[in-house]
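As a plain string of letters, each chain reads:
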Amino acid sequence: MKTSFPKQDIRVLLLEGISRSAVETFRQAGYSQVELHPKALPEAELKARLAEAHIVGIRSRTQLTPALLEQARRLIAVGCFCIGTNQVDLAAARRLGVPVFNAPYSNTRSVAELVVAEAIMLLRGIPQKNVLCHRGGWTKSAEGSYEARGKVLGIVGYGHIGTQVGVLAESLGMRVLFHDIEAKLALGNARAAASLDDLLECADVVTLHVPDTPATRMMIGAEQLARMRQGALLINASRGTVVDIDALAAALLRGHLAGAAVDVFPIEPKGNDDRFASPLVGMDNVILTPHIGGSTLEAQENIGIEVASKLVRYSDNGSTLSAVNFPEVALPEHPHSRRLLHIHRNVPGMLSRINEVFSAGNVNIDAQFLQTDAEVGYVVIDVAADVVQAQALKDRMAAIPGTLRTRVLY
Ligand SMILES: NC(=O)C1=CN([C@@H]2O[C@H](COP(=O)(O)OP(=O)(O)OC[C@H]3O[C@@H](n4cnc5c(N)ncnc54)[C@H](O)[C@@H]3O)[C@@H](O)[C@H]2O)C=CC1
Ligand SMILES: O=C(O)C(=O)COP(=O)(O)O
């Protein structure tokens, strides 16, 4: 596998308008071949570009399927410049020896702020009033308008975003209930609901902050919407797969829900020039936003630096710390030795076969690091060798059956 290159030959492909801070981070680390695209690529073009790329950066839109990953023969690593990694087949990437990195925190505050603002807007009926004023109407009335203070906010998924939403909402005097599949420390005066149904039945505003998993797909369907209180409000800034959008449209149309704010959709446009369609279009009591929960300049700049730094660190040093699909190794610098990486299927006898390469070559190992999971093993070997020797050792390691990827770090 030809994945050993000097830095200047490593091609970095960044899609979906990733922040320029990522480009700067790569450039400062000595990577000159960095290409930035403002949107997701159509599948055929993505396939062609992936075949040439060593490092690829995406956001939530680009789907990296097993078929696409399998033909990306040069790929060293994937960066998701966002939180969600559901758009990448993580198991396929692992089987192919490709670690995937993300930014688990950088945009969480941005989502939380938007959600709290939307809760206030929905409780006051602002979306409808705003539309009416734009059309020359004037409905000065307190009808259907409520304070946030004292209302029950139901948070489904009490993780990094859900907890921050809870803290901000409590500062407004809201009463916070949450539901999570894991036992979670309740912050402030928040309380765990007895069940999802309990939360849906008690909350004035329900907000969703779960990841896309088999268990969360269509988690909020007609039955769950019917359980929500008459006149309740729903906010979804998690994933479009979590809510049955037709059932939501029906619940809004028949007036069971008083309003909704939706940032994520089952089908989203590829980029800013593409057309958006949804059964919720045209409903004045629904705030529609184009998946911008995490799209603030602060969040995007930080994400660009965070994920690019993780990719640079892996590419320069081999560290996989915080990879979401891969054995994690935090490695020291290797100023006086050459570093070889060997990623393999985790089968018995692999380490001794790797070590045979070095003993047969009469090469002294300065340091060795190994981390495995059920499927994949990752060995890092520091040796005193010149470029030619290191390349020969890499080629011999690459010939070991079960090898997935090998690389010499320059
Ligand atoms: N609209 C946007 O622009 C953004 C959307 N997101 C979405 O928000 C999601 C949540 O983000 P974080 O809070 O940072 O993730 P997190 O991983 O910190 O929290 C998710 C929580 O959901 C819980 N959970 C998982 N499955 C569940 C289930 N079936 N029922 C109940 N709880 C369940 C987990 O235990 C965890 O506590 C992300 O996975 C992403 O899909 C994230 C950032 C921006
Ligand atoms: O961080 C996430 O999971 C998000 O949903 C944000 O995605 P984006 O980078 O805006 O495409």
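What counts, and at which threshold
Residues numbered from 1 in each chain as written. Chains lettered and ligands numbered in written order. Predicted model: local features only at pLDDT ≥ 70, side-chain atom pairs only at ≥ 80, totals over all residues. UniProt positions renumbered as here; feature names shortened; annotations may be inferred. Near = placed C-beta within 6 Å. Helix = DSSP H or I, 4+ residues; strand = E, 2+ residues; numbered from the N terminus. Nonpolar A, V, L, I, M, F, W, Y, C, P; charged D, E, K, R; others polar. Axes fitted to C-alpha atoms, helices over the stretch in contact; angles between N-to-C directions. Parallel < 35°, antiparallel > 145°, perpendicular 65-115°, else oblique. Left-handed = near helix turned anticlockwise from the far one by under 90°. Contact = placed C-beta atoms within 7 Å.

- The name that an unreviewed UniProt entry assigns to the chain is D-3-phosphoglycerate dehydrogenase, with the source organism given as Fulvimonas yonginensis.
- Quoted straight from UniProt, the Pathway (unreviewed entry) entry for the chain says "Amino-acid biosynthesis; L-serine biosynthesis; L-serine from 3-phospho-D-glycerate: step 1/3."
- Its UniProt record gives the chain the following Function (unreviewed entry) comment, quoted word for word: "Catalyzes the reversible oxidation of 3-phospho-D-glycerate to 3-phosphonooxypyruvate, the first step of the phosphorylated L-serine biosynthesis pathway. Also catalyzes the reversible oxidation of 2-hydroxyglutarate to 2-oxoglutarate."

**Side note on the site of ligand 1**
Next up, step 1: What surrounds ligand 1 is a group of 31 residues, the closest being Gly-157, Gly-159, Ile-161, Pro-211 and Gly-293.
Next up, step 2: Contributions of two or more residues to the shell around ligand 1 are made by α5 (108-123) and α7 (160-171).
Next up, step 3: With three residues, α7 is the single largest residue contributor to the shell around ligand 1.
Next up, step 4: Of the residues belonging to the shell around ligand 1, the class tally is 11 nonpolar, 15 polar and five charged.

**A look at the site of ligand 2**
Next up, step 1: Taken together, Arg-59, Ser-60, Arg-61, Cys-82, Ile-83, Gly-84, Asn-107, His-291, Gly-294 and Ser-295 form the complete shell of residues around ligand 2.
Next up, step 2: Grouping the amino acids of the shell around ligand 2 by side-chain chemistry returns two nonpolar, six polar and two charged.

**A few points about the packing of α5 against α7**
Next up, step 1: Remark: α5 packs on α7, axes separated minimally by 9 Å, with the N-to-C direction vectors making an angle of 45 degrees. Taken together, the axes of α5 and α7 lie oblique to each other. Here the hand of the crossing between α5 and α7 comes out right-handed. From α5, Thr-108, Arg-109, Val-111, Ala-112, Val-115, Val-116 and Ala-119 reach across to α7, where they touch His-160, Ile-161, Gln-164, Val-165, Leu-168 and Ala-169.

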